[in-house]
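Results of the structural survey
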Amino acid sequence: MSDTRTIVLECLRYHPERDEAPYHQRFEVPFTPEMSVLEGLQYIKDHLDGSLTFRWSCRMAVCGNCGCMVNGEPVLSCQVFLRDYHPGCVRVEPLDHFPIQRDLAVDPSDFLDKLAQVAPYLIPDPVRTPEDGPHRQTPQQMQDYLDTSACINCLLCYAACPQYGLKADFLGPAALALAHRYNADSRDAGRARRMEVMNSDAGVWGCTLVGRCSEVCPKGVDPAGAINRNKPAAALDTLRRLLQSGRTCTS
Amino acid sequence: MTSTRPYIRSMKGWWRRHPAYRWYLLREATSVVIGLYALCLLWGMTALLLGPGAHDVWRACVQSLPGRVFQLLALAAFAWHAWTWLRLLPLTLAPLRLGRHRISQTRVHRAALGAWALTSVALLVAAAGGLR
């Protein structure tokens, strides 16, 4: 254990039944070079303060559960290492723009509601049953959506998006990127249904292209690109509706 | 784990949280300067319609020291806005492909910058020709 050093983890604490407002608490944590920030939090929970609350599951940047702000950056705490912050202090806070439920755990209900609005699943037309067999597509067709399908719903993009924090009804980067993922899938026919939510102030027009969402994504998804590539389609949809309403008025 | 009293954090001073937010606001703020410069040009066009007297007043204004400072500021705002907008251009385009390979965002950005530079030089040359 000669490689063991000590680092200070400053965690945001908030217990709703006890605290009026969140505060920071410092913990001195011994660490070895291979220890992630998540392992630092686990050390605190196991040895220093069992009441520290945080979410985690896979420890390998797949489940998207352990997202938090580390020194102001939205990251997966299993993917960043304590050695990279030493000898400085590591400030760990819950993901920005979400209500704090307890300590480092946020309430993701708003995201889940918005995700449901964009129907993030295949809507084939005609409806298919298992008896129809596999719904095939070419590798080229798969390339059209493959990058956006890597989203793990970790919410880092929401924590990086000031528009989501400022505008409560904005659908946000991940929900819109997933809407794009299914719209771009050759097996899907749900574009018109999704367009209703995408082509609104809360949809693609709520994005002002800050671009941080794409920078912080741990899976290389480009939500800013996915959203803004849908703006021309949304504009055409508005035009189509105007023309249709004009025809209805004149007939 | 449910909480009846989740804590909502304020967005006050959000632009101070990351340099990227400040660069974003600077990019958006350049639109105001560009808008003002468009109004200045509109004033010039209207002055042309109104006659030589009005046009001379407009020329005197744009050639004064504050007018020159404003034009330099507008030039800087244009350059910064164009640079940042072209950097974001690949995000607004469907992925471009050359054969089976996708063209990288960096290449799209460089190509757009090249087109911008060429167009600017062509306009400058044309304007210089017109002045002669």
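In the block above lies the structure referred to throughout.
Note that this is a predicted model, so its numbers are computed, not measured.

1. Comments concerning the packing of helix α1 (residues 19–50) of chain B against helix α2 (residues 52–63) of chain B
Residues and elements named next belong to chain B. Where α1 contacts α2, the two axes come as close as 7 Å, and the packing angle between them is 150 degrees. As the angle between them shows, α1 and α2 are arranged roughly antiparallel. Residue-level inspection shows C40, W43, G44, A47, L48 and L50 of α1 in contact with α2, the latter providing A54, H55, W58, C61 and V62. A breakdown of the residues in the contact of α1 with α2 according to their chemical character gives nine nonpolar, two polar and no charged.

2. Thoughts on the interface of chain A and chain B
Taken together, the 41 residues of chain A in the interface contact 26 residues of chain B. Considering only the surface of chain A that becomes buried against chain B, Q101(A), L209(A) and R229(A) emerge as the three largest contributors, covering 19% of it. On the surface where chain A and chain B come into contact, there are two salt bridges. Put simply, R17(B) and D96(A) hold a salt bridge, and the shortest N to O gap is 4.0 Å. Linking chain A with chain B are 16 residue pairs in polar contact (both at pLDDT 80 or more), by the criterion used here. Those elements that place two or more of their residues in the side of chain A that touches chain B are β6 (100–102), β7 (105–106), α3 (139–143), α4 (156–160), α5 (162–166) and α9 (223–228) of chain A. Looking at the side of chain A that touches chain B, its residues break down into 19 nonpolar, 10 polar and 12 charged.

Procedures and definitions
Every residue gets a number counted from 1 within its own chain, in the order that chain's sequence is written. Key to labels: chains lettered from A, ligands numbered from 1, both in the order written. In keeping with the predicted nature of the model, local features appear solely for residues at pLDDT of at least 70, side-chain atom pairs appear and are counted solely at 80 or more, and the whole-chain, interface and lining totals rest on all residues. The side-chain quantities take in all heavy atoms of the structure and omit both hydrogens and water. Angles run from 0 to 180 degrees between N-to-C directions of axes, and those axes are lines fitted to C-alpha atoms, restricted for helices to the stretch in contact. Note on conventions: DSSP H or I runs of at least 4 residues are helices, E runs of at least 2 residues are strands, and numbering of each starts at the N terminus. Throughout, the term roughly parallel applies to angles under 35 degrees, roughly antiparallel to angles over 145, roughly perpendicular to angles from 65 to 115, and oblique to all others. In this analysis, two residues are considered to be in contact whenever any of their non-hydrogen atoms come within 4.5 Å of each other. Three classes are used: nonpolar for Ala, Val, Leu, Ile, Met, Phe, Trp, Tyr, Cys and Pro, charged for Asp, Glu, Lys and Arg, and polar for all others, with Gly counted as polar. Defined here as a combined quantity, buried area equals the accessible surface (1.4 Å probe) lost by two parts on assembly, summed across both. A pair is scored as a salt bridge if a Lys or Arg side-chain nitrogen falls within 4 Å of a carboxyl oxygen belonging to Asp or Glu. We define a polar contact as two N or O atoms separated by no more than 3.5 Å, with the added condition that, inside protein, one atom must be a possible hydrogen donor and the other a possible acceptor, whereas residues neighbouring each other in sequence contribute only through side-chain atom pairs.

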